[in-house]
Structure formats: structure tokens, C-alpha cells
Amino acid sequence: MNESAKLDFTGERFTPECVREIAYEHWHRYAWAATLLSGKRVLDAACGEGYGSHLLSRHADRVTGIDLSAEAIEHARARYASERLEFRQGDVTSLDLADDSMDVVVSFETLEHLEAQDEMLGEFRRVLRPAGCLLISSPDKKTYSDDTGYQNPYHVKELYRDQFEALLGRHFPAFRLFG
């Protein structure tokens, strides 16, 4: 890992140099997911600057990190080069991956940044193998925005819990929520 390469924090995506609450909110998801990935082919959808993909690649057989931002992908390739990890520029609503090619799709804090949420979940379903698993997180609109009065300028479409469950249910016949 190239520690000297850093991507500037703009507020749009987390970077490992961030501290306090924002760090806990992001790192713990990847640390938990990593425990489930031994021997798996993993897609990290909307991987940002690559820190999560890098962490996952320590446990998974192979990790592909995809992000829309060319700058983030260029940065990730320079900072986290590894033979079990690749980074590609791409759109999570139109993945350039084969059907049934991934054991696990990880998508942390992506959903709320898109209007095309059904399209994204449809793509995740398409690339997952029949026994595959989606690990996804998204802030609950009531807790994140309504209760605090905070409006994140990068969030396009936040969902309440029942809306999130309905969206998941349209694409995945079984799911479990953790908090």
C-alpha cells in the first residue's frame, strides 16, 4: 500500500484520513464484512478511494472495486495495488461484469447517492451467483435526516426503513437487517 497517496476529502466520499464518528461509521462495516469473505469473489460497488476494497482483499479470494469517479479509481490503483485486488471505473447501475460472477456484492453507503436504486439492485442480483449474498447499508432517513435536521448535499434519495425493505424485497427474496 502506498501511504503517501491521499485523496482530498470533499465531503462526498470517506477517506481513511477522516477521524472520529465518520471513521467508525465506515470502517466497522468493512471490518464486519471481511469476516464473511474467505475464498469469495467480491464486488465492492462504489468503492470510493479504495480503503474498503483493500481491507476486504486481505480475506477474500478476489476483490473488484468499481466506482464512477476516474479520480478515485486512479487513486485506488496507486495506493492499494495488490494481486488479489483490481479497480475499475464503472457505473453500479450498468456493471461491466458477467452474470453470476460474484459470490458477494458489498455496497456500503451508495444507495442514497442514486435515483436509479432499482437499477443498481437489479445489477447486483444479475452479477451475484445463485447462492450469492449482498451486503448493503444505507442511512435511515428518519434517523439520519429527519431527527437531526441535517440535509446531506450528496444524497439524492434517502429511504425510510420500510422503503428500504420494499426495495430489497423487489430484488432479493430473503434478507436480514442489522443495525
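Everything here concerns the structure above.
Note that this is a predicted model, so its numbers are computed, not measured.

Asker: Sorry, what's going on with the packing of helix H4 (residues 117-127) against helix H6 (residues 161-171) here?
Answerer: What describes two packed helices is the angle between their axes and the distance between those same axes. Between H4 and H6, whose axes approach to 9 Å, the crossing angle comes to 40°. Our classification of the angle between H4 and H6 gives oblique. Read as a crossing pair, H4 and H6 show a hand that is right-handed. From H4, Gln 117, Asp 118, Leu 121, Gly 122 and Arg 125 reach across to H6, where they touch Leu 167, Leu 168, Arg 170 and His 171.

Asker: Would you mind going over unusual backbone geometry with me for this structure?
Answerer: Generally, phi is negative for residues other than glycine and the peptide bonds are trans, each holding for most cases. For Ala 46, which is not glycine, the phi dihedral falls at a positive 60°. The topology assignment puts Ala 46 in the loop between strand E1 (41-45) and helix H2 (51-57). Positive phi, normally seen in glycine, also occurs at Glu 109, with a value near 55°. Looking at where Glu 109 falls in the secondary structure, it is placed in the loop between strand E4 (102-108) and H4.

Asker: Would you mind showing me how to read the environment of Phe 87 here?
Answerer: Along the polypeptide, Phe 87 turns up in strand E3 (residues 85-89). Accessibility expressed as a relative area gives 6% for Phe 87, which makes it buried. For the pair Phe 87 and Glu 74, spaced 13 residues apart in sequence, the C-alpha separation works out to 8.3 Å. Beyond its immediate sequence surroundings of up to four residues, Phe 87 is in contact with Cys 47, Gly 50, Ser 53, Gly 65, Ile 73, Ala 76, Arg 77 and Tyr 80.

Asker: Sorry, what's going on with H6 here?
Answerer: Because each turn of an α-helix spans 3.6 residues, side chains separated by three or four positions end up pointing in the same direction. All of the buried residues along H6 are Phe 164, Leu 167, Leu 168 and His 171. Taken end-on, H6 shows its buried residues confined to a sector of 95°, consistent with a single buried face. Away from the buried face of H6 by more than 90 degrees, exposed residues Asp 162 and Arg 170 are located. Elements that come into contact with the buried residues of H6 comprise H4 and strand E5 (128-137).

Asker: Got a minute to help me understand the pattern of salt bridges in this structure?
Answerer: Pairs may arise between side chains of opposite charge once their charged atoms sit close together. Using the criterion set out here, one finds 11 salt bridges in the structure. Note that Arg 62 and Glu 86 form a salt bridge whose closest N and O atoms lie 3.9 Å from each other. One end of the pair, Arg 62, is in strand E2 (residues 62-67); the other, Glu 86, is in strand E3, and 24 residues separate them in sequence. The partly exposed category is assigned to Arg 62, whose relative accessible area is 21%. A relative accessible area of 23% means that Glu 86 is categorised as partly exposed. The shortest N-O distance in the salt bridge between Asp 99 and Arg 126 comes to 2.6 Å. Placement of the pair is Asp 99 in the loop between E3 and E4 and Arg 126 in helix H4, with a sequence separation of 27 residues. Several salt bridges share partner residues, and in doing so they unite Arg 62, Glu 86 and Arg 88 into one network.

Conventions and cut-offs
- Residues numbered from 1 in each chain as written.
- Predicted model: local features only at pLDDT ≥ 70, side-chain atom pairs only at ≥ 80, totals over all residues.
- Heavy atoms only, no water.
- Axes fitted to C-alpha atoms, helices over the stretch in contact; angles between N-to-C directions.
- Helix = DSSP H or I, 4+ residues; strand = E, 2+ residues; numbered from the N terminus.
- Parallel < 35°, antiparallel > 145°, perpendicular 65-115°, else oblique.
- Left-handed = near helix turned anticlockwise from the far one by under 90°.
- Contact = heavy atoms within 4.5 Å.
- Buried < 20%, exposed > 50% of the residue type's maximum accessible area, 1.4 Å probe, protein only.
- Arc of directions from axis to C-beta.
- Salt bridge = Lys/Arg side-chain N within 4 Å of Asp/Glu carboxyl O.

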